[in-house]
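# Analysis of the macromolecular model
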Amino acid sequence: MASKFSAGLALFFLLASVAVLIAVAIVQVHKRSYESPGLRYGIVLDAGSSRTTVYLYQWPAEKENNTGVVNQTLRCLVDGPGISSFGQDAIQDQKTWNSMADCINRTKQAVPLDLQSSTPIFLGATAGMRLLRIQNETASDEILRSMEKYLRSLPFNFQNASIISGEEEGLYGWITANYLMGNFLERNLWNAWVRPHGAQTVGSLDLGGASTQIAFTAPLDEGIGTEGYTRVRLYGYEYNVYTHSFLCYGKNEAEKRVLAALAQSSSSTTVENPCFPVGFNTSMPAANIFGSPCTQQPPSYDPGQQLHLVGTGDPAGCRAIVQSIFDLASCHGRANCSFAGVYQPDISGDFMAYAGFYYTAAALKLGSSFTLEAFNSTAWAFCSTNWTSLKENYAIREIYLKSYCYSANYVYTLLVEGYKFTADTWNNIQFKKEVKKNSIAWSLGYMLTLSNMIPAEAKLLRLPMDNSVFAGLLFMFSALAILSLMFLIISLVRSCY
Ligand SMILES: *[C@@H]1O[C@H](CO)[C@@H](O)[C@H](O)[C@H]1NC(C)=O
Ligand SMILES: *[C@@H]1O[C@H](CO)[C@@H](O)[C@H](O)[C@H]1NC(C)=O
Ligand SMILES: *[C@@H]1O[C@H](CO)[C@@H](O)[C@H](O)[C@H]1NC(C)=O
Ligand SMILES: *[C@@H]1O[C@H](CO)[C@@H](O)[C@H](O)[C@H]1NC(C)=O
Ligand SMILES: *[C@@H]1O[C@H](CO)[C@@H](O)[C@H](O)[C@H]1NC(C)=O
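A quick note: this is a predicted structure, and the numbers were derived from the prediction, not measured. Numbers given to residues run from 1 along each chain, matching the order in which its sequence is written. Following the order in which they are written, the chains are lettered starting with A and the ligands numbered starting with 1. In keeping with the model being predicted, local features are shown solely for residues with a pLDDT of at least 70 and side-chain atom pairs are shown and tallied solely at 80 or more, while totals for entire chains, interfaces and linings include all residues. Only hydrogens and water are set aside; all other atoms, that is, all heavy atoms of the structure, feed into the side-chain values.

### What about the site of ligand 3?
- Every residue near ligand 3 is listed here: Gly279, Asn281 and Val310.
- For ligand 3, an oxygen atom lies 2.3 Å from a polar atom in the side chain of Asn281.
- Accessible areas in this description were obtained via Shrake-Rupley with a 1.4 Å probe; residue shielding takes into account the shown protein chains only. Look at ligand 3: alone it shows 360 Å² of surface, and the protein chains cover 30% of it. Residues are counted as near a molecule or strand when any one of their heavy atoms sits within 4 Å of it. Here a polar contact is taken to be a pair of N or O atoms separated by no more than 3.5 Å, where protein atoms must pair a possible hydrogen donor with a possible acceptor and residues adjacent in sequence count only if both atoms sit in side chains.

### Thoughts on unusual backbone geometry
- Despite not being glycine, Cys248 shows a phi value in the positive range, around 75°.
- Categorising residues by exposure relies on relative accessible area from a 1.4 Å probe, with only protein chains included: less than 20% of the type maximum marks a residue as buried, more than 50% marks it as exposed, and the intermediate range marks it as partly exposed. Classification of Cys248 by relative accessible area gives buried; the value is 14%.
- One non-glycine residue, Ala340, lies in positive phi territory at about 55°.
- Every helix listed is a DSSP run of H or I at least four residues long, and every strand listed is a run of E at least two residues long, numbered separately from the N terminus. Secondary-structure assignment places Ala340 in the loop between helix 9 (315-324) and strand 15 (351-355).

### Regarding the packing of helix 4 (residues 127-135) against helix 5 (residues 137-152)
- Two elements in contact, helix 4 and helix 5, have axes separated by 5 Å at closest approach and are oriented at 135°. Of the possible angle classes, the one that applies to helix 4 and helix 5 is oblique. Two secondary-structure elements touch here, helix 4 through Met129, Leu132, Arg133 and Gln135 and helix 5 through Glu137, Ala139, Ser140, Ile143 and Leu144.
- Here the residues of the contact of helix 4 with helix 5 are counted per class, giving five nonpolar, two polar and two charged. Note on method: axes are straight lines fitted to C-alpha atoms, helices fitted across the in-contact stretch only, with angles between N-to-C directions ranging 0 to 180 degrees. In this scheme, roughly parallel covers angles under 35 degrees and roughly antiparallel covers those over 145, while 65 to 115 is roughly perpendicular and the rest are oblique. We call two residues in contact when some of their heavy atoms are within 4.5 Å. Each residue gets one label: Ala, Val, Leu, Ile, Met, Phe, Trp, Tyr, Cys and Pro are nonpolar, Asp, Glu, Lys and Arg are charged, and the others, such as Gly, are polar.

### Focus: the sheet that holds strand 11 (residues 237-247)
- In this description, strands pair whenever DSSP reports at least two bridges between them. If you walk across this open sheet you meet the six strands as 10-11-9-8-15-16, and the pairing is mixed. Pairing within the sheet leaves two strands with one partner each, and these edge strands are strand 10 (229-234) and strand 16 (429-431). Here the strands of the sheet are splayed against their neighbours by 25° on average, with no regard to which way each runs.
- Packing against the sheet, helix 4 makes contact with strand 9 (211-218) and strand 11, and its axis sits at approximately 55° to strand 11.
- Helix 6 (residues 166-180) contacts strand 8 (203-207), strand 9, strand 10, strand 11 and strand 15 of the sheet and is inclined by roughly 130° relative to strand 11.

### Brief notes about the pattern of salt bridges
- Put simply, a salt bridge is a Lys or Arg side-chain nitrogen that is within 4 Å of an Asp or Glu carboxyl oxygen. This model, assessed by the stated rule, comprises five salt bridges.
- A salt bridge links Arg152 to Glu148; the nearest nitrogen and oxygen atoms lie 2.9 Å apart. Taken together, the residues Arg152 and Glu148, both in helix 5 and four residues apart, mark about one turn of the helix.
- In this structure, the salt-bridge partner of Glu253 is Lys256, at a minimum N-O distance of 3.0 Å. Remark: Lys256 and Glu253 occur in helix 7 (residues 251-264); sequence separation between them is three residues, near one turn of the helix.
- Look at Glu253 and you get buried, because its relative accessible area is 9%.
- Look at Lys256 and you get partly exposed, because its relative accessible area is 23%.
- If you follow the salt bridges from partner to partner, you end up with Arg233, Glu238 and Glu457 in one network.

### With respect to the state of the cysteines
- Defined by distance alone, a disulfide is two cysteine sulfur atoms within 2.5 Å. In total, this model carries five disulfides according to the counting rule given.
- What pairs with Cys76 in a disulfide is Cys103, and their sulfur atoms sit 2.0 Å apart. As the torsion about the S-S bond is roughly -75°, the Cys76-Cys103 disulfide counts as left-handed. Taken together, the residues span a long stretch of sequence, with Cys76 in strand 3 (residues 71-77) and Cys103 in helix 2 (residues 90-110) at a distance of 27 residues. Summarising the burial analysis for this pair, Cys76 and Cys103 share the class buried.
- Taken N- to C-terminal, the disulfide-bonded cysteines of the protein chain are connected 1-2, 3-5, 4-6, 7-8, 9-10.

### Some points on the pairing of strand 1 (residues 39-47)
- Counted residue by residue, strand 1 has seven buried out of nine residues, so it is predominantly covered.
- Remark: four residues form the turn of the hairpin made by strand 1 and strand 2 (residues 52-60), two consecutive strands paired antiparallel.
- The sheet contact formed by strand 1 and strand 4 (residues 120-125) spans five bridges and is parallel. Within the sheet, the bridge partner assigned to Ala47 lies in strand 4 and is Ala125.

### Quick word on the sheet that holds strand 12 (residues 270-273)
- Read from one edge to the other, the open sheet built from three strands follows the order 12-14-13, with strand pairing classed as mixed. The sheet is open, and its two borders are formed by strand 12 and strand 13 (281-285), each paired with just one other strand. With direction set aside, neighbouring strand axes in the sheet form an average angle of 30°.
- Judged from the five bridges that link them, strand 13 and strand 14 (residues 306-311) form a sheet pairing that is antiparallel. Across the sheet, the residue bridging to Asn281 is Val310, located in strand 14.
- Relative to strand 12, helix 7 is tilted by about 125°, and along the sheet it contacts strand 12, strand 13 and strand 14.

### Quick look at the packing of helix 9 against helix 11 (residues 372-383)
- In the contact formed by helix 9 and helix 11, the axes pass within 9 Å of each other and the chain directions differ by 110°. In terms of orientation, helix 9 lies roughly perpendicular with respect to helix 11. Each of Pro315, Ala316 and Arg319 in helix 9 lies in contact with helix 11, whose residues at this interface are Asn376, Trp380 and Cys383.
- For the contact of helix 9 with helix 11, the per-class residue count stands at four nonpolar, one polar and one charged.

### Here we look at a nonpolar patch on the surface
- Surface patches are drawn from residues lacking salt bridges whose relative accessible area is over 30%; two like charges belong together within 9 Å, two nonpolar side chains (Val, Leu, Ile, Met, Phe, Trp, Tyr) within 5 Å. On the surface, a cluster of nonpolar side chains totalling about 470 Å² of accessible area is made up of Leu485, Leu488, Ile489, Leu492 and Val493.
- According to the relative accessible area criterion, Leu488 is partly exposed, its value standing at 43%.

Here you go:
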């Protein structure tokens, strides 16, 4: 009798759990049909000092405030110099415009017609334009206006075309790196968004053509009211980010400063360059070096004067001349000072080094992490290799190859003597250019921020209704399944007696 009763209960719970299972399936199917509506797109033009890059991003519409859902679907490099060079050479300008139009056409083809008018397009100009603004504000305004006019003529939803500050550039790079690494939020077992357990943010090291940026988090109570610290609230959590941008310390501008230092200490127009390999000689007009606002013109300056640069491939000499362009003296003996008298708290945590940092490490055939000693000795060997063997052993275009001895010494000096990385903390740096096929660049963080896709509060991210229904049903199913199993066992045990 009792065993029949238990068997009956077992059957009841079994049927009930099957019913719940069916409900779960229905909710899931419904959820899938609800989740499949369209994609959204966003476009950023990164107007850098040496070139413009067009990025197209894509994400599922209803997830736009979640973390890690944005993917880069197109990256198009516009040929030729950056927009700050517009107006210097009409033929070159035309080439740049044509290449820009090609990139924009490829972007248009990748965005469905009906979504183009709602697709935001942004242009952010960085250090190349910051420098031009210092030299000639009328020219920089004019260029921005012409870019805006062009972007407004496109079928997209124009948002902004302006020069971003170095600190914004550093912060957006930090946001990009951490967004791509999933450091802000992750899904827990119950499908809810939470801050990853024990998650640390990663610091950001960006090396552009005309400026370089460092950004990393500091404790919340540090640096209140001090220059260099920015407080940002993302998904309900507050971060205290230290960031600084050094203008004229980008890879290309710093190389001009190295050449300027060499030229000024040479008594003739023939200039020995320890950073160029033996066997590499080149000539260039003095204007290529002294035309930049980052270099100081010598008293008797003739822009057309040809300078003959002769490679001597001397790693110690190269290290010394690179060091000489760093203003280390104004920080000398002071704690919490990087260089050029700039305040910097102690380096802490892991770092992602991208852009020029990555390209330099890649050129030396180093992986994404390596010891400081390995970096130094590899750079040393590279600098001691003559031009013929460099060309034989490295598949790098000559215009870039000739400068990697300089770059390696520059990266070394910037990280070790500038930011004060030690042999120990150096091991926390990863040299990478992308995460899951997404470029690490300020442009993504900029778009996410300007289109409000990283909410300050996490309440926007509560479980959607069907997710909590799903979780509830799953719980009921498990409970009923366990109950029916229990009664089944009871009835089996009883029926044995
Ligand atoms: C994302 O957040 C913004 C405000 O922060 C809101 O206007 C927008 O509707 C949200 N989008 C979705 C899909 O929840
Ligand atoms: C455009 O971007 C700049 C730089 O980020 C910002 O200062 C400005 O407020 C933005 N303008 C608009 C209209 O969003
Ligand atoms: C480069 O210039 C130096 C000094 O003028 C000369 O000795 C050397 O042969 C030149 N090398 C090449 C490859 O032109
Ligand atoms: C330097 O900054 C760190 C925080 O990064 C702080 O703990 C330390 O006290 C500072 N040192 C000095 C001498 O101010
Ligand atoms: C870098 O490597 C070279 C060659 O191995 C060595 O002579 C030099 O002392 C090293 N420099 C530093 C700072 O480690």
